[in-house]
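# Observations on the three-dimensional arrangement
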Amino acid sequence: MSELHVALDRLRAQVCHCGMKGECLGCKGIEMVRVQAEAVVAAASQPILIQVAQEAAMNDMTTRFQGMAERLMSDPEIRRSAEQMQERLMSDPETRQLLEELMRRLGAQPPEELN
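About the criteria used
- Along each chain, numbering runs from 1 in the same order as the chain's sequence is written.
- Local features in a predicted model are, by the rule used here, given only for residues with pLDDT of at least 70; side-chain atom pairs are given and counted only at 80 or more, and totals for whole chains, interfaces and linings are based on all residues.
- Water and hydrogen atoms play no part in the side-chain values, which are based on all heavy atoms of the structure.
- By salt bridge we mean one thing: a side-chain nitrogen of Lys or Arg within 4 Å of a carboxyl oxygen of Asp or Glu.
- Numbering goes from the N terminus for both helices and strands, where a helix is a DSSP run of H or I of at least four residues and a strand is a run of E of at least two.
- Residue burial is assigned from relative accessible area. The probe radius is 1.4 Å, only protein chains are included, and a residue is buried under 20% of its type maximum, exposed over 50%, and partly exposed in between.
- The convention is simple: Lys and Arg are positive, Asp and Glu are negative, and His and the chain ends are not counted.
- Contacts: residue pairs with any heavy atoms within 4.5 Å of one another.
- In this scheme, patches are assembled from residues that exceed 30% relative accessible area and form no salt bridge. Like charges are connected within 9 Å, while nonpolar side chains (Val, Leu, Ile, Met, Phe, Trp, Tyr) are connected within 5 Å.
- Surface accessibility in these figures is a Shrake-Rupley result with a 1.4 Å probe; residues are shielded only by whichever protein chains are displayed.
- Disulfides are defined as pairs of cysteine sulfur atoms found within 2.5 Å of each other.
- One less than the residue count of a helix, multiplied by 1.5 Å, gives the span that helix is expected to have.

## A few points about the pattern of salt bridges
All told, the structure shown has six salt bridges when counted by the stated rule. Salt-bridge contacts for Arg79 lead to Glu83; the nearest nitrogen and oxygen are separated by 3.6 Å. Here the residue Arg79 and the residue Glu83 both occupy positions in helix H4 (residues 76–91), the gap between them amounting to four residues, near one helical turn. On the basis of relative accessibility, which here comes to 38%, the residue Glu83 falls in the partly exposed class. In this structure, Arg104 engages Glu101 in a salt bridge whose closest nitrogen and oxygen atoms are separated by 3.2 Å. Remark: Glu101 and Arg104 occur in helix H5 (residues 93–105); sequence separation between them is three residues, near one turn of the helix. Each of Asp9, Glu31 and Arg34 takes part in one network of salt bridges that share partners.

## Brief notes about the side chain of Arg12
One can find Arg12 in helix H1 (residues 2–15). No salt bridge forms around the buried Arg12; measuring N to O, its nearest opposite-charge neighbour Glu31 is 4.9 Å away. With near-sequence residues (within four places) excluded, Arg12 lies in contact with Met20, Lys21, Gly22, Cys27 and Ile30.

## What about a nonpolar patch on the surface?
Together, Met58, Met61, Phe65, Met68, Leu72 and Ile78 line one region of the surface with nonpolar side chains, adding up to about 520 Å² of accessible area. If you trace the backbone, Met58 turns up in helix H3 (residues 47–73).

## Thoughts on the state of the cysteines
Evaluated as defined, the whole model comprises zero disulfides. Summary of cysteine pairing: Cys27 is not part of a disulfide, and the nearest cysteine sulfur, belonging to Cys16, is at 3.5 Å.

## What about H1?
In this model, H1 (14 residues) spans 20 Å end to end at C-alpha, consistent with the 20 Å of a helix rising 1.5 Å per residue. Summarising the contacts, the buried residues of H1 are in contact with helix H2 (25–44).

Geometric descriptors of this kind do not, in isolation, establish any biological role.
Here you go:
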């Protein structure tokens, strides 16, 4: 922040018309920018805001992946390949057991094809 304060002080000296009394539009504008910058820095350092930003990014990524999956699965050839891969995976007892365990840990009921 100190570098920003120094830069704002230099800019204030260039735009000031009141002799640095804080009365002109230049001084008031620089002070407004300083207060806003401090508010942004303070807000960015709050853990809850970081968490909200991460959640928003995850939601965006989830939406994009869902859209991509829908586009891919609308292609009959890709859909057939995915179904064949699922059949192969589910025919392996170890893979089936791992998926069931994962579903339990996530708190979801395993899909019927797993049971």
